[in-house]
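The residues making up each chain are set out below.
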Amino acid sequence: MINYKDDSSQPMREFLAYHDTIKGQSGATVDSYYLDLRTFTRWLYISRGLVPRDTAMEDIDISGASLELYGSVTLAEVYDFLAYLSRDRELNAASRARMITTLKGFYKYFTIKTKALTTNPVETLDAPKLQKSLPRYLTLEESQRLLSAVDGKNKERDYCILCLFLNCGLRISEMRALDLSDIREDCLLIHGKGNKERMVYLNSAAIESINSWLAVRKTIAALDENAVFLSNRRKRMSVDAIQVMVHNTLLKAGLDAEQYSPHKLRHTAATLMLQNGVDVRTLQEVLGHENLNTTQIYTHIANEELQYAAAANPLAEFRPEDKTDE
C-alpha cells in the first residue's frame, strides 16, 4: 500500500482514511483513489497558475491544498481536466471513467457525509461510454486439460489451487489468504474484498484435492503454521508465485498463457456453474459480488451457449416440406 500521508492534502487524507478504516476497502482501491486525487490536485495547481506552468507534475507539492480549493472547482474545469487526461496523458476511456468515479466519491463524501461542502461540481458528470466485453474463460475440455497437466514436486499443492479456482471461483487474493482454520468439513471460510466473509461449499473434487494437499503439507516444517498454501521456502505463497504457477501450467496444457490468468479461472468457474443450472443470485453469493450487476455479465455467456444449444438440435433444420410422401 502506498504511503499517501506524506504527499497529499488534508482533505485527501481524510477521504482516504474514511475508505481505509470505515469502509474497509482494500489497499489497492485506496491507493488508486490517492493516485487519482493526486493527479487531479496537481493539475489544478498548474491550471490555476498556483505553480509555474513548466513545473513537472511530480515536483508539485500539494500538501497545502485546502478544502476551499476543491470546493471552488467548477464542472467546466473538470471537463478540462478530463480533456487533459485524454489528450496529454492519453488515458483510455476506462481509466478516465475510474477517475470520474474517484472524483464523484470524493465530492459525495464532503457534500453528503461531512457536509463540509455545499456544492458538488461532478454530481451530473457522465462517465465515458465503455465498450463492454465478455469475460474470457476456459471451456470444460480446456479446464480438464489444465488440471491434467499438473505435475512436478508441488503437484498436490498446485492441483489443489487450480481445482479451487475452477470449482469455487476464488479470487487470487482469497486463495493466498486461506488459513488452515478456514477449512471446514465441506466448505471454506473466505475472506473477501472489503474484509467481507462468506462460506463457499466444496464439491467432491475440491474436497479430495484439499485432503491430498493437506496430507503432503503435514510433512512440511512450515514457517507459516497457518497458511494453507506454502512456497518452496515453507512460507505462505505470494500472489506472484500463484500467478507464475498458473502461467506455467497453462503452457504445459498447451493453452494460451497470455490470454488466461487466475482471474480468468474465476471467470471459468462462474461460467461453468451458470451453464449447468446455477441461478445468477446464487452465483453472486458464491463469487462474493456485492452488486448483482457484476455477476450478470456471465448471463450473456450463458445466453450464447443457449443459442448454440438450440442451433445444435437435430430438428433445427427440419421443415414440414422436407417430409417424404407416403
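Residues numbered from 1 in each chain as written. Predicted model: local features only at pLDDT ≥ 70, side-chain atom pairs only at ≥ 80, totals over all residues. Heavy atoms only, no water.

A. Broad picture of the overall build of the protein chain. Across its full length, the protein chain holds 13 helices and 2 strands. Residue burial in the protein chain is summarised as follows: out of 326 residues, 42% are buried. For the protein chain, restricting intrachain contacts to residue pairs at least 6 apart in sequence, the fraction spanning at least 24 positions comes to 59%. Carbon and sulfur atoms make up 48% of the accessible area of the protein chain, which amounts to about 18500 Å² in all. (Helix = DSSP H or I, 4+ residues; strand = E, 2+ residues; numbered from the N terminus. Buried < 20%, exposed > 50% of the residue type's maximum accessible area, 1.4 Å probe, protein only. Contact = heavy atoms within 4.5 Å. Areas by Shrake-Rupley, 256 points an atom, 1.4 Å probe, with all protein chains shown as cover.)

B. Focus on the packing of helix H2 (residues 27-47) against helix H4 (residues 75-87). Contact geometry of H2 with H4 gives a least axis separation of 11 Å together with a crossing angle of 110°. As summarised for this structure, H2 and H4 are arranged roughly perpendicular, according to the angle between their axes. Where H2 approaches H4, its residues Thr-39, Phe-40, Trp-43 and Leu-44 are matched on the opposing element by Glu-77, Asp-80, Phe-81, Tyr-84 and Leu-85. (Axes fitted to C-alpha atoms, helices over the stretch in contact; angles between N-to-C directions. Parallel < 35°, antiparallel > 145°, perpendicular 65-115°, else oblique.)

C. Focus on H2. Taking 1.5 Å of rise per residue, the 21 residues of H2 would be expected to cover 30 Å, and the 30 Å separating its terminal C-alpha atoms lies within 8% of that figure. Extensive coverage of H2 is indicated by the burial of 15 of its 21 residues. The first or second residue beyond H2 is Gly-49, which carries a positive phi of 75°. (Expected span 1.5 Å × (residues − 1).)

D. Structural view of the side chain of Arg-171. Residue placement: Arg-171 occurs in the loop between helix H7 (155-168) and helix H8 (172-177). Owing to a relative accessible area of 11%, Arg-171 belongs among the buried residues under this scheme. Side-chain polar atoms of Arg-171 contact the side chain of Glu-174, separated by 2.6 Å. (Polar contact = N/O pair within 3.5 Å; in protein donor to acceptor, adjacent residues only side chain to side chain.)

E. Quick peek at the environment of Arg-234. Relative to the helices and strands, Arg-234 is located in the loop between helix H9 (204-217) and helix H10 (239-252). Along the primary structure Arg-234 and Ala-222 are separated by 12 residues, whereas in three dimensions their C-alpha atoms are 4.9 Å apart. Ignoring sequence-local partners within four residues, the contact set of Arg-234 consists of Ile-220, Ala-221, Ala-222, Leu-223 and Asp-224. Only 2.8 Å separates the side chain of Arg-234 from the backbone oxygen of Ala-221, close enough to count as a polar contact.

F. Structural context of the nonpolar core. Core analysis: the biggest nonpolar cluster contains 37 residues, and Phe-15, Phe-40, Tyr-70, Phe-81, Leu-103 and Tyr-107 have the highest contact counts within it. Elements that contribute at least two residues to this core include exactly helix H1 (10-22), H2, helix H3 (67-71), H4 and helix H5 (93-113). Residue contributions to this core peak at 9 residues, all from H2. Residues within four places of Phe-15 in sequence aside, it is in contact with Tyr-33, Leu-37, Thr-102, Gly-105, Phe-106, Tyr-109 and Phe-110. Val-150, Phe-165, Leu-178 and Met-245 belong to the second largest nonpolar core, which has 36 residues in total. (Core = buried A, V, L, I, M, F, W, Y, C linked by side-chain atoms within 4.5 Å.)

G. Region of the structure containing unusual backbone geometry. Even without being a glycine, Glu-90 presents a positive backbone phi close to 55°. Even without being glycine, Lys-115 reaches a positive phi, approximately 60°. Along the chain, Lys-115 falls in the loop between H5 and helix H6 (140-148). With a relative accessible area of 62%, Lys-115 lands in the exposed category.

H. Representation of the pattern of salt bridges within the structure. Summed over the entire model, instances satisfying the criterion amount to 12 salt bridges. For the salt bridge of Arg-171 with Glu-174, the shortest nitrogen-to-oxygen distance reads 2.6 Å. The residue Glu-174 makes a salt bridge to Arg-198 at a minimum N-O spacing of 2.9 Å. Taken together, the residues Glu-174 in helix H8 and Arg-198 in strand S2 (residues 197-201) connect sequence positions 24 residues apart. The same class applies to Glu-174 as to Arg-198, namely buried. Because the salt bridges share partners, they merge into one network encompassing Asp-7, Arg-38 and Arg-42. (Salt bridge = Lys/Arg side-chain N within 4 Å of Asp/Glu carboxyl O.)

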